[in-house]
Amino acid sequence: MNTSFLLFALLNPAFALLAAPLYMALIRKVKAYAQGRKGPKLFQVYYDLRKLMHKEAVYSPTSSWVMRLTPCLNLTALLACSLFVPLIFVPEPAGGFGNVIVFLYLLALERFFTALSGLDAGSAFGGMGSSRSMSLAAVIEPTMVVAFAALAFVLKSLNLHEMFALTAGSLLPASPTLVLVSISLFIILIVETGRLPVDNPATHLELTMINEAMILEQTGKNLALLELAHAIKQLLLMGVLINTILPIGLSAEADAGKIAVSALLFLLKAGVLAVVIGLFESALAKMRLFRLPAFYMMAFFFSALTILIEVFA
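Starting from 1, residues in each chain are numbered consecutively following that chain's sequence as written. The predicted nature of this model means local features are confined to residues of pLDDT at least 70 and side-chain atom pairs, given and counted, to a pLDDT of 80 or more, with totals for whole chains, interfaces and linings taken over all residues. Working from all heavy atoms in the structure, the side-chain values ignore hydrogens and water.

**Considering unusual backbone geometry**
A positive phi angle, near 60°, is found at K156, a position not held by glycine. Any residue under 20% of the maximum accessible area for its type is buried, any over 50% is exposed, and the rest in between are partly exposed; the area is computed with a 1.4 Å probe on protein chains only. On the accessibility criterion, K156 (63% relative accessible area) is exposed.

**As for the nonpolar core**
Judged by nonpolar contacts, the single largest core of 84 residues is most densely connected at L87, F103, F148, L151 and L160. Considering each element in turn, this core owes the most residues, 15 residues, to helix α9 (residues 220-245). In this analysis, two residues are considered to be in contact whenever any of their non-hydrogen atoms come within 4.5 Å of each other. Aside from chain neighbours lying at most four places away, what touches L87 is N12, F15, A16, L235, L236, G239, L250, S262 and F266. What makes a nonpolar core is a set of buried Ala, Val, Leu, Ile, Met, Phe, Trp, Tyr and Cys residues whose side-chain atoms join them at distances within 4.5 Å. Each helix is a run of DSSP H or I of at least 4 residues and each strand a run of E of at least 2, with the numbering of both proceeding from the N terminus.

**Topic: the pattern of salt bridges**
One side-chain nitrogen of Lys or Arg within 4 Å of one carboxyl oxygen of Asp or Glu is enough to make a salt bridge. Overall, the coordinates contain seven salt bridges when judged by the stated rule. Linking E281 and K31 is a salt bridge whose minimum nitrogen-to-oxygen distance equals 3.5 Å. Within this pair, whereas E281 is found in helix α10 (residues 256-282), its partner K31 is found in helix α1 (residues 3-34), the two being separated by 250 residues in sequence. Residue E281 is classed as buried on the basis of its relative accessible area of 1%. Notably, a salt bridge pairs E110 with K233, separated by 3.0 Å at the nearest N-O pair. One end of the pair, E110, is in helix α4 (residues 100-120); the other, K233, is in helix α9, with 123 residues separating them in the sequence. For E110, a relative accessible area of 7% corresponds to the buried category. Among the residues examined, K233 registers a relative accessible area of 4% and is labelled buried. Members of the salt-bridge network, linked through shared partners, are E110, R111, E141, E192 and K233.

**Section: the environment of Y105**
Within the element layout of this structure, Y105 appears in helix α4. Distance in space between the C-alpha atoms of Y105 and C81 is 9.7 Å, their sequence separation being 24 residues.

**Describing the side chain of T244**
Tracing the sequence through the fold places T244 in helix α9. A relative accessible area of 1% places T244 in the buried class. Not counting the four nearest positions on each side in its chain, T244 is found in contact with L151, F164, P173, L178 and L185.

**Quick word on the packing of helix α3 (residues 65-81) against α9**
It is at 9 Å that the axes of α3 and α9 come closest, and there the two elements cross at 25°. With respect to their mutual orientation, α3 and α9 come out roughly parallel. Seen from above, α3 lies across α9 with left-handed handedness. Between α3, through M67, T70, P71, C72, N74, L75, L78, L79 and C81, and α9, the contact on the second element is made entirely by N222, L225, L226, L228, A229, I232, K233 and L236. In the scheme used here, Gly and all other residues not listed as nonpolar or charged are polar, with Ala, Val, Leu, Ile, Met, Phe, Trp, Tyr, Cys and Pro taken as nonpolar and Asp, Glu, Lys and Arg as charged. Residue composition of the contact of α3 with α9, grouped by class: 13 nonpolar, three polar and one charged. To define axes, lines are fitted to C-alpha atoms, for helices over the stretch in contact only, and angles between the resulting N-to-C directions are given on a 0 to 180 degree scale. Each angle receives one of four descriptions, namely roughly parallel if under 35 degrees, roughly antiparallel if over 145, roughly perpendicular if within 65 to 115, and oblique otherwise. Whether a crossing is left-handed or right-handed is set by the direction in which the near helix is turned from the far one by less than a right angle, anticlockwise for left-handed and clockwise for right-handed.

**Points about helix α7 (residues 178-192)**
Expected helix span is given by 1.5 Å per residue-to-residue step, counting one fewer step than there are residues. Between its first and last C-alpha, α7 extends 20 Å over 15 residues, near the 21 Å set by a 1.5 Å rise per residue. Among the 15 residues that make up α7, 13 are buried, leaving the element largely enclosed by the rest of the structure.

**Quick look at the packing of aromatic side chains**
Working definition: an aromatic ring pair is given by the centre-to-centre distance plus the angle between the planes. In summary, the pairing rule links any two rings of Phe, Tyr or Trp, Trp by its six-membered ring, whose centres are within 6.5 Å, and it sorts them by plane angle into stacked for under 30 degrees, edge-to-face for over 60 and tilted for everything else. One pass over the full model with this rule turns up 11 aromatic pairs. What links up through ring pairs into an aromatic cluster is the set F5, F8, F84, F89, F97, F103 and F148. A ring is considered to have a charge above it if a Lys NZ or an Arg CZ atom is located within 6 Å of its centre and within 35 degrees of its normal. If you follow R68 out to its NZ or CZ, it ends over the ring of Y59, 4.0 Å from the centre. Cation over ring: K156 sits above F153, and NZ or CZ is 5.3 Å from the ring centre.

**Comments concerning a nonpolar patch on the surface**
Patches in this entry comprise residues that are over 30% relatively accessible and not in a salt bridge; like charges within 9 Å are linked, as are nonpolar side chains (Val, Leu, Ile, Met, Phe, Trp, Tyr) within 5 Å. Areas reported here follow the Shrake-Rupley algorithm with a probe of radius 1.4 Å; residue values treat only the protein chains shown as occluding. The grouping of V261, L265, L268, V272 and V276 at the surface amounts to a nonpolar patch, some 410 Å² of accessible area in total. Since its relative accessible area comes to 47%, V261 is described here as partly exposed.

Put into structure tokens, the structure is as follows:
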């Protein structure tokens, strides 16, 4: 592998690991302000993760190796995903890393094992959450495929590194149709991270639980790893959206000064996006389960429209 990619393989996962919890807290803070509350501290998620890491993991007597493996496997899968989405600079492509199909399979692997661990505990809540998650996945995963296919169609590549190398440093999107794709990616971000109106991560009410129900039986270090993996997933999907619609500042060179500037700009852009997500959630109520496919179809529609425009333009 080339030196550029080796540097990327060290910096990008480390950056994702360190920065991801910040945006979970920022979204909570924005939602709290929108509701007239003070909300948690910006670094509260870091404190919570540190506290959980010092606690013992307790397992259900009905659980198997699945519940023990899932936290480590999910975090490993998401750290592997971080090698596919450039956050602070775009490396030279190496070894097939950046392939969008592999990226989607890794996300599906994380979803599958989360649902499996929810069933493995043998609780009613876990089974309910897993059932809901897989039902909704049957709709959103084809939509994700079409959305990323549209992105690949516009940027003429199946490799995320090559895609964002074309857009890196641009003030505006590389093509006007990427604005339509970005709408789809925003909806996918909301759905995949379990935010309103799809799920409500701030409650344990039976009618609103999906992701929280699946991890309800996890405790201690295992819960910390799952929460961290979820935060990284959110950050990576935010990175895809940011690199698509607002790539300004993303460095295409492995230069220390440019990487530092790119990292600072990404933190700022991700912060703005987190505020938008927080305000978006605050303006919406939880949708009924049977209405969610219509919300997902919006993402499918904009992605399909993008492909049609590119074909007939």
